[in-house]
Amino acid sequence: MMKLFNHLILIISLSSLLSFLYSAEAVLSVYSLSSFSKDDQAPVSLPPTTSPAPSESEAPEASPSPASSTIDPAIKKICDRTGYSELCQSSIRPYLTGKTDPVSVLEMAIKACNSSVQAAMAEVNRMMSEPNKDASKTTASQLESCKENYIDAIDSLEKATKAIPTRDMNTFNTMISAVITDCDTCEQGFIEFEEESPLKQYDETAEKIGSICLSISKLLE
Ligand SMILES: *[C@@H]1O[C@H](CO)[C@@H](O)[C@H](O)[C@H]1NC(C)=O
């Protein structure tokens, strides 16, 4: 019995010695392989070092800001009387006509508001055309509701625009209030379902520009 045990011990220690030798050889061959592949990889790792272009990413930031200082002082004065002077100035910039009277500025502001709702609409259409598999059912149905709200808001903006030439400020204010409510309704839907709104920025901007329109319209009364 003892002899058999000793034999076993011997076999085990021999096999472990063998496997040690094997593994030593394996380590050596892995080492030599890796030193070869390191040489092979050297040219492959070159491209990444040629791609970073820090100068390119800095370029676009420089352009938008300097122009904001050149807005007509009469328009700035009107914008200063809305709650959001900076947003007022930047959002009407694409619609400047050279006129600076409040009615003309109001027409520019309503175009800016239209543009912000159109942007929200474009975003909701983009999201609906590229369904996110991770999105919940409530988010999907909420996007549908928001789209309805935006269609309604765009219609109200049309009616508000038509009310300006006749100075029907009652209709104007009612229509712009409807635009603000539509965008807020979209946001409230997400809050109700405790979902993060993917349209928050769009809705908030449209609501603020709507509020700017109401403030300018007050100057006409
Ligand atoms: C809003 O913008 C759309 C698209 O540019 C345009 O067709 C529409 O006439 C605009 N509505 C108003 C009230 O400016």
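Treat the numbers as computed from the prediction; the structure is a model and nothing was measured.

Parameters and conventions
- Residues numbered from 1 in each chain as written.
- Predicted model: local features only at pLDDT ≥ 70, side-chain atom pairs only at ≥ 80, totals over all residues.
- Heavy atoms only, no water.
- Helix = DSSP H or I, 4+ residues; strand = E, 2+ residues; numbered from the N terminus.
- Buried < 20%, exposed > 50% of the residue type's maximum accessible area, 1.4 Å probe, protein only.
- Contact = heavy atoms within 4.5 Å.
- Disulfide = S-S within 2.5 Å.

### Looking at unusual backbone geometry
Item 1. The phi angle at arginine 167 is positive, at roughly 55 degrees, despite the residue not being glycine.
Item 2. In the Ramachandran plot, glutamate 194 falls in the positive-phi region, its phi being about 55 degrees despite a non-glycine side chain.
Item 3. By the element assignment, glutamate 194 lies in the loop between helix H8 (169-192) and helix H9 (200-219).

### Notes on the environment of serine 85
Item 1. As for its position among the elements, serine 85 is in helix H5 (residues 85-92).
Item 2. A relative accessible area of 17% places serine 85 in the buried class.
Item 3. Spatially, the C-alpha atoms of serine 85 and isoleucine 212 are 8.5 Å apart, while their sequence positions differ by 127 residues.
Item 4. For serine 85, the residues in contact, after removing those within four places along its chain, are Lys76, Cys79 and Asp80.

### Quick word on the state of the cysteines
Item 1. Per the counting criterion, the structure on display carries 2 disulfides.
Item 2. One disulfide bridge connects cysteine 79 with cysteine 88, the sulfur atoms lying 2.0 Å from each other. Handedness here is read from the sign of the S-S torsion; for cysteine 79 and cysteine 88, about -65 degrees, the answer is left-handed. This pair shows no difference in class: cysteine 79 is buried, exactly as cysteine 88 is.
Item 3. Each sulfur in the disulfide pair cysteine 146 and cysteine 186 lies 2.1 Å from the other. Negative torsions about the S-S bond denote left-handed disulfides, and the value of about 90 degrees found for cysteine 146 with cysteine 186 makes this one right-handed. Within this pair, whereas cysteine 146 is found in helix H7 (residues 137-163), its partner cysteine 186 is found in helix H8, the two being separated by 40 residues in sequence.
Item 4. Owing to a relative accessible area of 0%, cysteine 146 belongs among the buried residues under this scheme.
Item 5. By relative accessible area, cysteine 186 is classed as buried at 0%.

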